[in-house]
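# Summary of structural features
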Amino acid sequence: MSGGIFDMALKQLDDVAKKINLDPNIHAVLRQPERELTVAVPVEMDDGHIEVFTGHRVQYSSVRGPCKGGIRYHQDVTLDEVKALAAWMTWKCAVVNIPYGGAKGGVRCDPLKMSKEEVRRLTRRYTVMIMPILGGRRDIPAPDVNTSAETMGWMMDTISMFEGRAVLESVTGKPIELGGSLGRREATGRGVMFITLQLLKKMRCDLSETTVAVQGYGNVGSVAATLLYEKGCKIVGVSDVTGGFYNPKGLNIPKINEYVKTSKNNLLEGYKEDGVESVSNEELLLLDVDVLIPAALENQITERNALKIKAKFIAEGANGPTTPEADRILETNGVIVIPDVLANAGGVVCSYFEWVQDIQAYFWDINQINENLDKIMVKSFDEVWAVSKERKVDMRTAAYMNAVTRVANALKQRGIFP
Ligand code: GLU
């Protein structure tokens, strides 16, 4: 492994290929993204100067359906990272068996240092630059790190202006008023909650005695923390880019949520609560808890800290938080890891509901959304769990075995064109 994050994604695929005796011809096809696009994104900044950002959109696979995946704005975005994230989207959609391939997009920029107008202009220009490969039946963006319903509204509007009609199905994670789905904003965190509950049920754990630490208090982490808190779990640690807080007796999650509603960039910095200790992000990962939910970025649990992890269970809210080396260490230590492609699939599952509603122009109520989400998450969990028991492999390997088998079978049946 040469160290890049896409190499990590390939290593995961290669390991699983052996386990399922994957046809080497199919394996070769699945090791490469179908299409990679890199674009320049010039933006007129508020002070009048022009900044040229770099954006990417990678379509990893369209074998099982239109390419699907989020758009991330972050100062560390690289093509290598976007390729890895696009590969993971492919396996994610296959694990939960929704009719999509995988894609991902990203722009290398620091939106926390930009004005809203600058981000809006960046979004519109980036959208136009990648528009030749987008489309509601071809490749459908969604939110990811540092993008939101607002960003998706701008993307949808840009695409719609060029098509001369409101193209609802072109983007998911949109505002409700633009054909967005009820429950979509919370869906990734809600999915993490469903998956965590299912695991705790299998392990016969009592919810009121379960302690949880959550790294990342954004769209995924905050919702997962809140819903697990509402189910009776004790959330003892939370953190974000500004640092974190720990209280072995359990944090006051409603109070934290109230705080981040109005704090700068909705961050935890400056939060105060009696009996609460400050912890760094690194310390948060090592807390003595039952469930650890890394819900920030890639590469958090590595060979450096895996040995020191005390959590019994890890549910990956983020994409790619655990390296393959760390996976081996955790497995040896008996830590059960519910992999990203399963644990955080709730977002894309609800994106699928949104897209179906847009295409049918018929909208569901929130119960229908959450019940269907629950059903798909629990079914997918049980399928992965069964393979894990039968084949005596960890949950990531089992999830990949299901996913890669589905993609490979679809590819076999389609055949290689021409
Ligand atoms: N960005 C989310 C993910 O990583 C959602 C993608 C989508 O809804 O298309 O799964």
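Scroll up to find the structure this text is about.
All figures in this text were calculated on a predicted structure; none of them were measured in a lab.

### Concerning the environment of Val-82
In this structure, Val-82 sits in helix α3 (residues 79–95). Counting along the chain gives 27 residues from Val-82 to Gly-55, while the straight-line C-alpha distance between them is 9.9 Å. If we skip the residues at most four places from it in the chain, Val-82 touches His-56, Val-58, Val-77, Lys-104, Gly-105 and Gly-106.

### Thoughts on the sheet that holds strand β8 (residues 243–246)
Read across the open sheet, the 7 strands follow the order β9-β8-β7-β6-β10-β11-β12; overall the sheet is mixed. Taken across any chain shown, the strands that pair with only one partner, and hence form the sheet edges, are β9 (277–279) and β12 (336–338). On average, each strand axis in the sheet is tilted by 20° relative to the strand beside it, whichever way the strands run. Bridging between strand β7 (residues 234–240) and β8 involves 4 bridges; their strand directions are antiparallel. Its bridge partner being in β8, Asp-240 is matched across the sheet by Gly-243.

### Notes on the site of the ligand
In the vicinity of the ligand, 14 residues are found, and the nearest of them are Lys-68, Lys-92, Pro-143, Asp-144 and Ser-351. Between Lys-68 and the ligand, the recorded distance is 2.8 Å, taken from a side-chain N or O atom to an oxygen atom. Here Lys-104 contributes a side-chain N or O atom positioned 3.1 Å from an oxygen atom of the ligand. For the ligand, whose unbound accessible area comes to 290 Å², protein coverage reaches 95%. Those elements giving two or more residues to the shell around the ligand turn out to be β3 (67–74), α3, β5 (139–143) and α12 (346–360). Tallied by class, residues from the shell around the ligand come to 4 nonpolar, 5 polar and 5 charged.

### Observations regarding the nonpolar core
Side chains of nonpolar character tend, in soluble globular proteins, to be buried together. Counting residues in each nonpolar core, the largest one holds 92 residues, and the members touching the most others are Trp-88, Trp-91, Val-238, Ile-256 and Ile-293. Counting residues per element, this core draws most heavily on α3, which supplies 11 residues. With sequence-adjacent residues up to four places away left out, Trp-91 is seen in contact with Leu-13, Leu-30, Tyr-60, Val-341, Tyr-400, Ala-403, Val-404 and Val-407. By size, the runner-up hydrophobic cluster in this structure holds 22 residues, among which are Ile-130, Leu-134, Trp-154 and Val-171.

### Some details on the packing of aromatic side chains
Summed over the entire model, instances satisfying the criterion amount to 11 aromatic pairs. Judged by centre distance (6.1 Å) and plane angle (40°), the ring pair of Tyr-352 and Phe-353 falls under tilted. A residue is classified by how much of its surface remains accessible, and Phe-353, at 3% relative accessible area, is buried. By the ring-pair criterion, three or more aromatic residues cluster together here, those being Tyr-100, Tyr-352, Phe-353, Trp-355 and Trp-364. Directly above the aromatic system of Trp-385 lies the positively charged group of Lys-389, at a separation of 4.5 Å from the ring centroid.

### A short note on a nonpolar patch on the surface
A cluster of nonpolar side chains, Ile-176, Leu-182 and Ile-366, forms an exposed patch at the surface whose accessible area comes to about 230 Å². With respect to the element layout, Ile-366 can be found in helix α13 (residues 366–391). Look at Ile-366 and you get partly exposed, because its relative accessible area is 34%.

### Details of the pairing of strand β6 (residues 211–215)
Within β6, 5 of the 5 residues are buried, leaving the element largely enclosed by the surrounding structure. What you see with β6 is no split at all: Thr-211, Ala-213 and Gln-215 on one side and Val-212 and Val-214 on the other are buried throughout. Bridging between β6 and β7 involves 5 bridges; their strand directions are parallel. Note that in β7 the partner of Ala-213 across the bridge is Gly-237. Following the chain from β6 across helix α7 (residues 221–230) to the adjacent parallel β7, one finds a crossover that is right-handed.

### Regarding the pairing of strand β10 (residues 291–294)
Judged by which residues are buried, β10 turns out to be covered on both faces: Val-291 and Ile-293 on one side and Leu-292 and Pro-294 on the other are all buried. Relative to β10, β6 runs parallel, the two sharing 4 bridges. Paired with Gln-215 across the two strands is Pro-294, which belongs to β10. Relative to strand β11 (residues 313–315), β10 runs parallel, the two sharing 2 bridges. Paired with Leu-292 across the two strands is Ile-314, which belongs to β11.

Calculation criteria
- Counting of residues starts from 1 at the beginning of each chain's written sequence and follows it residue by residue.
- Per-residue local features of the predicted model are confined to residues with pLDDT of at least 70, and side-chain atom pairs are confined, for both listing and counting, to 80 or more; whole-chain, interface and lining totals are unaffected and use all residues.
- For the side-chain quantities, the full set of heavy atoms in the structure was used; hydrogens and water were omitted.
- Helix and strand assignments come from DSSP, with helices taken as H or I runs of at least 4 residues and strands as E runs of at least 2, each series counted from the N terminus.
- Only heavy atoms enter the contact rule, under which two residues are in contact if any of them lie within 4.5 Å.
- The pairing criterion for strands is at least two bridges between them, as found by DSSP.
- Fitted lines through C-alpha atoms serve as axes, helices being fitted only where they are in contact, and the angles separating the N-to-C directions of these axes extend from 0 to 180 degrees.
- Being near a molecule or strand, for a residue, comes down to having at least one heavy atom within 4 Å of it.
- Distance and chemistry together define a polar contact, namely a pair of N or O atoms within 3.5 Å, with one atom able to donate a hydrogen and the other to accept it when in protein, and with adjacent residues in sequence counting only for side-chain atoms on both sides.
- We get accessible surface area from the Shrake-Rupley algorithm with a probe of 1.4 Å; when it comes to residues, only the shown protein chains can shield them.
- Polar here means any residue other than Ala, Val, Leu, Ile, Met, Phe, Trp, Tyr, Cys and Pro, which are nonpolar, and Asp, Glu, Lys and Arg, which are charged; Gly is therefore polar.
- Here, nonpolar core refers to any group of buried Ala, Val, Leu, Ile, Met, Phe, Trp, Tyr and Cys residues whose side-chain atoms link them within 4.5 Å.
- Think of it in three bands: with a 1.4 Å probe and only protein chains considered, a residue is buried below 20% of the maximum accessible area for its type, exposed above 50%, and partly exposed in between.
- Classification of ring pairs rests on two measures: the distance between centres of Phe, Tyr or Trp rings, Trp counted by its six-membered ring, which must be within 6.5 Å, and the angle between planes, read as stacked under 30 degrees, edge-to-face over 60 and tilted in between.
- Only when the NZ atom of a Lys or the CZ atom of an Arg is both within 6 Å of the ring centre and within 35 degrees of the ring normal do we say a charge sits over the ring.
- Nonpolar side chains (Val, Leu, Ile, Met, Phe, Trp, Tyr) within 5 Å and like charges within 9 Å form the patches, drawn only from residues with over 30% relative accessible area and no salt bridge.
- Every case where a carboxyl oxygen of Asp or Glu lies within 4 Å of a side-chain nitrogen of Lys or Arg is listed as a salt bridge.
- Whether a crossover is right-handed comes down to one check: with the strands pointing away from the viewer, does the path from the first strand over the helix to the second run clockwise; if it does, it is right-handed.

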